[in-house]
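Residues per chain are reported as follows:
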Amino acid sequence: MEEKEQLGGLIRDWKGERYKGQKNWSFIHHFSLFGSIAMSLVAAIAVQLSFSDSSTLATIAAAIAAALTGLATSGGFESKWRSNRVSRSAADILLIQLTSPEADLDSIRRKFIEICEGHDQVIVAKRKNS
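Presented here is an overview of the structure given in this document.

Applying the stated criterion to the full structure yields six salt bridges. The closest approach of N and O atoms between K20 and E17, which form a salt bridge, is 3.1 Å. You can see K20 and its partner E17 sitting in helix α1 (residues 3–48), three residues apart, about one turn around the helix. Judged by relative accessible area, which is 41%, E17 ranks as partly exposed. For E78, the salt bridge is made with R82, and the minimal N-O distance between the two is 2.8 Å.

This is the structure:
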């Protein structure tokens, strides 16, 4: 296999994993964020209702809202989503550069290594600063 094709395959595979991560972390981030808002609203409305199980509903909804808020805050889902999105985009750029007949494979390889190294640093650095 030609070196250019091999490098392109590595980048495409890595990009595919980042795309999956981007979609999954985006879903988890937004679900926990908006889910906690929705459950808080359900709890607030249930407190105002006057049926026999309204206080139970309010308690359960408040507990779910608290759990989702805790997950959203401590899980780092937003930074994982953003890191995957940025890394996926950087891989797209490398793949475009590979389409050039005069592509500098050494330069593209170095940039790919930097992207791979930087991918987790976004999350690790955020965790250290939290």
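Soluble globular proteins: nonpolar side chains tend toward being buried together. Core analysis: the largest hydrophobic core is formed by 13 residues, its most contacted members being L7, I11, L94, L98, I108 and F112. Only α1, α3 (77–98) and α4 (105–129) provide two or more residues apiece to this core. It is α3 that contributes the most residues to this core, five residues altogether.

The subject of this paragraph is the packing of aromatic side chains. Following the criterion strictly, the structure yields three aromatic pairs and no others. Ring plane angle 20 degrees and centroid distance 5.7 Å describe the contact between W25 and F77, whose orientation is recorded as stacked. With W25 in helix α1 and F77 in helix α3, this pair connects stretches of sequence that are 52 residues apart. The lysine or arginine in question, R18, covers the ring of W14, its NZ or CZ lying 4.6 Å from the ring centre.

The end-to-end C-alpha separation of helix α2 (residues 54–74) is 30 Å, in line with the 30 Å expected for 21 residues at 1.5 Å each. Listed in full, the buried residues belonging to α2 are S54, A58, A61, A65 and L68. Buried residues of α2, viewed axially, fall in a sector of 100 degrees; they line one side.

Right, let's talk about the environment of H29 for a bit. Relative to the assigned elements, H29 resides in helix α1. Take H29: its relative accessible area is 9%, and that puts it in the buried class. In sequence terms H29 and G75 are 46 residues apart; their C-alpha atoms lie 8.7 Å from each other. If near-sequence neighbours (up to four positions away) are discounted, H29 is found in contact with F77, E78 and W81.

On to the packing of α1 against α3. Direction vectors running N to C along α1 and α3 enclose 155 degrees, while the axes themselves pass 7 Å from each other. Classified by the angle their axes make, α1 and α3 are roughly antiparallel. Both α1 and α3 take part in a crossing whose hand is left-handed. Looking at the contact of α1 with α3, its residues break down into 12 nonpolar, nine polar and 10 charged.

The rules we used
- Residues numbered from 1 in each chain as written.
- Predicted model: local features only at pLDDT ≥ 70, side-chain atom pairs only at ≥ 80, totals over all residues.
- Heavy atoms only, no water.
- Salt bridge = Lys/Arg side-chain N within 4 Å of Asp/Glu carboxyl O.
- Helix = DSSP H or I, 4+ residues; strand = E, 2+ residues; numbered from the N terminus.
- Buried < 20%, exposed > 50% of the residue type's maximum accessible area, 1.4 Å probe, protein only.
- Core = buried A, V, L, I, M, F, W, Y, C linked by side-chain atoms within 4.5 Å.
- Phe/Tyr/Trp six-rings, centres within 6.5 Å; stacked < 30°, edge-to-face > 60°.
- Lys NZ or Arg CZ within 6 Å of the ring centre and 35° of its normal.
- Expected span 1.5 Å × (residues − 1).
- Arc of directions from axis to C-beta.
- Contact = heavy atoms within 4.5 Å.
- Axes fitted to C-alpha atoms, helices over the stretch in contact; angles between N-to-C directions.
- Parallel < 35°, antiparallel > 145°, perpendicular 65-115°, else oblique.
- Left-handed = near helix turned anticlockwise from the far one by under 90°.
- Nonpolar A, V, L, I, M, F, W, Y, C, P; charged D, E, K, R; others polar.

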